[in-house]
Amino acid sequence: AAWCAPRFSELTELRRKDIHIFRDADGEPSSGMLHVSRAVVWPEPDTPIVKENKTTAGLRDVAIPPHLLPLLLDHLEQWAAPGPDGLLFPAVESGGHMKHGALYKVYRRARKVAGREDLRWHDLRHTGATMAAQAGATLAELMNRLGHSDVKAALIYQHAAAGRDAEIARKLSAMAESSSTA
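This section reports on the structure supplied with the text. (Residues numbered from 1 in each chain as written. Predicted model: local features only at pLDDT ≥ 70, side-chain atom pairs only at ≥ 80, totals over all residues. Heavy atoms only, no water.)

Moving on, we get to the nonpolar core. With 22 residues, the main nonpolar core has Ile-19, Leu-34, Ile-64, Leu-88, Leu-103, Tyr-107 and Trp-121 as its most contacted residues. Going through the elements one at a time, α1 (8–11), β2 (29–36), β5 (60–64), α2 (69–78) and α3 (100–114) are the ones with two or more residues in this core. Listed in part, the 10 residues of the second largest apolar core include Ala-133, Met-143, Leu-146 and Tyr-157. (Core = buried A, V, L, I, M, F, W, Y, C linked by side-chain atoms within 4.5 Å. Buried < 20%, exposed > 50% of the residue type's maximum accessible area, 1.4 Å probe, protein only. Helix = DSSP H or I, 4+ residues; strand = E, 2+ residues; numbered from the N terminus.)

This brings us to helix α5 (residues 139–146). Among all positions of α5, only Leu-142, Met-143, Arg-145 and Leu-146 are buried. Angular distribution of buried residues about the axis of α5 spans 165°; they occupy a single face of the element. Immediately beyond the C-terminal end of α5, within one or two residues, lies Gly-147, with a positive phi of roughly 75°. (Arc of directions from axis to C-beta.)

Moving on, we get to the pairing of β5. The two faces of the sheet receive side chains in turn, since in a regular strand these alternate between them. Along β5, the buried face is formed by Arg-60, Val-62 and Ile-64; none of Asp-61 and Ala-63, which line the opposite face, is buried. As paired strands, β2 and β5 are joined by five bridges and run antiparallel to one another. Directly across from Gly-32, in β5, lies its bridge partner Ile-64. (Pairing = 2+ DSSP bridges.)

Right, let's get into the layout of surface pockets. A probe matching the size of a water molecule, rolled over the atoms, marks out where space remains unfilled. Counted as a void, the largest pocket has a volume near 1300 Å³. In terms of residue count, the dominant contributor to the lining of the largest pocket is α3 (eight residues). Looking at the lining of the largest pocket residue by residue, the class counts come to 29 nonpolar, three polar and five charged. Estimated volume of the second largest pocket: approximately 260 Å³. Counting residues per element, the ones that place at least two in the lining of the second largest pocket are α1, β3 (38–44) and β4 (47–52). Tallied by class, the residues present in the lining of the second largest pocket amount to two nonpolar, seven polar and five charged. (1 Å grid on protein atoms, 1.4 Å probe; cavity = no way out; pocket = protein on both sides within 12 Å on 5 of 7 lines; lining within 4 Å. Points joined across faces, edges and corners; volume = space filled by probe spheres on them. Nonpolar A, V, L, I, M, F, W, Y, C, P; charged D, E, K, R; others polar.)

Note: β3 against β4, five bridges, orientation antiparallel. For Val-41, the partnering residue across the bridge sits in β4 and is Ile-49. Hairpin connection between β3 and β4: a loop of two residues separates the two successive antiparallel strands.

This is the structure we're talking about:
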């Protein structure tokens, strides 16, 4: 949820067919892609409805950070429902879509262990967006990664990259120094 920054409704509708893992010549996982195209909504407590994402910006492919691939493969083997249409994060008891309440039973304990009982689930998405900005994502790249069609929404995360100006200046100097010695 933090590293790829999907919305809860998108995360709980992800299926095996939405994960693409690419392997190197030795068969080791080298990169991955998450295809986000649907979300599950709950108009009534026991009625999940799967919908296409509401905007074309919401239809997107998100690169999975390579360090997550072993964890993701392990999760697919142990927890995801079988078959291409199997949910990645099924409800434990029913095998259907996970509800907010089921997630929060576990998430509350995880927040307590982490010493961050103040964190909301959506804060993981915010963290992912902030880390992407700090990693150098442009505004357009942030908009794509998050599925935003509105620049204002993506600009929220650009503040995190503001401190990168000193790093940019350092790299510019390194470029100048390397070209003057060449």
